[in-house]
Amino acid sequence: MTVLDDIIAGVREDLEERRRTVSLDELKEKVSSVSPARDAVSALRGPDRETVEIIAEVKRASPSAGDLSRIAEPADLAHEYEAGGAAAISVLTESRRFKGSLEDLDAVRTEVSIPILRKDFTVDPYMIWEARAHGADLVLLIVAALSDDELRDYLELTHRLGMNAIVEAHTVEEIERAAAVGARIVGVNVRNLKTLETDKQHFANLASHLPEGPVIVAESGVAEPSDVATYGSQGAEAVLVGEALVKHSDPREAVGEFKNQGRKARAAYLGEKEAEHGE
C-alpha cells in the first residue's frame, strides 16, 4: 500500500462518520444559502498575468514533516496572508495526517474575501458538496486517486456548483488526463504522494507537456523565495506554498517577498516567450 492509498483509506473512514451526522440532502440545502463561489481562475491568473500568484496554505502538519505549526487562530493567519498579497488561501481539512478540519475552513472563510481552496483528498461527490457548503471556492482533485470517470464527474459537479478545481498531476500521463477532462487549473505536484519524495526539478521536467489554456500551478518544494522564482521562470502562473509560510515569523512579509521574486521571474519568462514567437 502506498502513502496515498493509506491516506485515502483514512479519508473514507472519516467521510462515512460525517455522512452519518450530516446527510447529503442537508448539505445541498445549506449550499442553496451560501454566497456564490469566487472566481479562482481569474484570481490565480492575476490582473495582468505578469505575476506569479501565491496560494498560501493554512497547514498544521504533513505526513513528510510532522507537526509544522500550532496555528491557534487560522483566521488570523489567513488575514496576514491576504494582507501580504496572496491570491488564494488553501486550508487543509484532512485530520489524520494534516491535523486540519472543516472548522479551520469555516474560520478562514469568515475572515478573507479571496478564494479558498478546500485542500483534501476528494474521493466522493459528498466532499464537493461539503466544500461548497462550507464556503470553499476551490477543491483539489488528485488525478492519481481517481478514475477517468470519477475525475470527469467530479469536475463537472465542481463547475456546476460554481467552483473550480485544481486538478493535480505528477506525471505526463496524469497531465494528459487532466487536460482531457477540461481542467481549468492544472497543478503539478513535485512531491510524489505515493512515496512522499520531492524533486524540485520535476516541474521543469514536465513543463513542455503542460497544456495551453489552463492556469498552471506549481505545488510543493518551496522553502524560500528563489523557489517561487524558479517555478515562475519555468512557466508556473501560481505557486502553492505551505510549510515555508506557516513556519515563518512574519507570514505577511513572506508572501510579499515570494510574490516579488516570482514577478521578476515571470516577466523574464514572458519575455522569452515573446522572443520565441517573434512578437
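As the structure is a computational prediction, the values presented were derived from the model and not from experiment.

### Points about helix α1 (residues 3-21)
Phase 1: With 19 residues, α1 should reach 27 Å at 1.5 Å per residue; the first-to-last C-alpha distance of 28 Å fits that figure.
Phase 2: All of the buried residues along α1 are Leu 4, Ile 7, Ile 8, Gly 10, Val 11 and Leu 15. Down the axis of α1, the buried side of the element spans an arc of 160 degrees, and every buried residue falls inside it. Counted as exposed and oriented over 90 degrees from the buried face of α1: Glu 13 and Arg 20.
Phase 3: Structurally, α1 contributes buried residues whose contacts are with α6 (125-133).

### Comments concerning the packing of aromatic side chains
Phase 1: Considering all chains together, one arrives at two aromatic pairs under this definition.
Phase 2: Between Phe 98 and Phe 121, the ring centres sit 5.9 Å apart and the planes meet at 35 degrees, which makes this aromatic pair tilted. Taken together, the residues Phe 98 in the loop between β4 (88-92) and α5 (102-111) and Phe 121 in the loop between β5 (116-119) and α6 connect sequence positions 23 residues apart. Residues Phe 98 and Phe 121 agree in their burial class; the two are buried.

### What to know about unusual backbone geometry
Phase 1: Even without being glycine, Ile 71 reaches a positive phi, approximately 45 degrees.
Phase 2: Given a relative accessible area of 8%, Ile 71 falls into the buried group.

### Notes on the environment of Ala 88
Phase 1: Examined against the element boundaries, Ala 88 turns out to sit in strand β4.
Phase 2: Overall, the relative accessible area of 1% leaves Ala 88 in the buried class.
Phase 3: The sequence separation of Ala 88 and Glu 253 amounts to 165 residues, and the corresponding C-alpha distance is 16 Å.

### Some words on the sheet that holds β5
Phase 1: In spatial order, the strands read β1-β4-β5-β6-β7-β8-β9-β10; together these eight strands close into a barrel with parallel pairing. Sheet twist, expressed as the average angle between the axes of neighbouring strands with direction ignored, equals 25 degrees.
Phase 2: Where β4 and β5 come together, four bridges link them in parallel fashion. Across the sheet, the residue bridging to Ser 90 is Leu 117, located in β5.
Phase 3: Contacts between helix α4 (residues 74-84) and the sheet are confined to β1 (53-58) and β4, with β1 contributing the most and set at about 170 degrees to the helix.
Phase 4: Packing against the sheet, helix α12 (residues 251-276) makes contact with β1 and β10 (238-241), and its axis sits at approximately 150 degrees to β1.

### Considering the nonpolar core
Phase 1: Counting residues in hydrophobic clusters, the biggest one holds 90 residues, and the most contacted among them are Tyr 81 and Ile 89.
Phase 2: The dominant element in this core, judged by the number of residues it contributes, is α6, at six residues.
Phase 3: Setting aside its immediate chain neighbours within four residues, Tyr 81 contacts Ala 56, Glu 57, Val 58, Ala 86, Ile 89, Leu 245, Val 246, Pro 251 and Val 255.

### Some details on the pairing of β5
Phase 1: Side-chain alternation along β5 places Ile 116 and Arg 118 on one buried face and Leu 117 and Lys 119 on a second face that is also buried.
Phase 2: For the segment spanning β4, α5 and β5, crossover handedness is right-handed.
Phase 3: As defined by bridge partners, β5 adjoins strand β6 (residues 138-142) across two bridges and the pair is classed as parallel. Opposite Arg 118, over in β6, you have Val 139 as the bridge partner.
Phase 4: With respect to chirality, the unit in which β5 leads through α6 into the neighbouring parallel β6 is right-handed.

Cut-offs applied
Residues numbered from 1 in each chain as written. Predicted model: local features only at pLDDT ≥ 70, side-chain atom pairs only at ≥ 80, totals over all residues. Heavy atoms only, no water. Helix = DSSP H or I, 4+ residues; strand = E, 2+ residues; numbered from the N terminus. Expected span 1.5 Å × (residues − 1). Buried < 20%, exposed > 50% of the residue type's maximum accessible area, 1.4 Å probe, protein only. Arc of directions from axis to C-beta. Contact = heavy atoms within 4.5 Å. Phe/Tyr/Trp six-rings, centres within 6.5 Å; stacked < 30°, edge-to-face > 60°. Pairing = 2+ DSSP bridges. Axes fitted to C-alpha atoms, helices over the stretch in contact; angles between N-to-C directions. Core = buried A, V, L, I, M, F, W, Y, C linked by side-chain atoms within 4.5 Å. Right-handed = clockwise from strand over helix to strand, strands pointing away.

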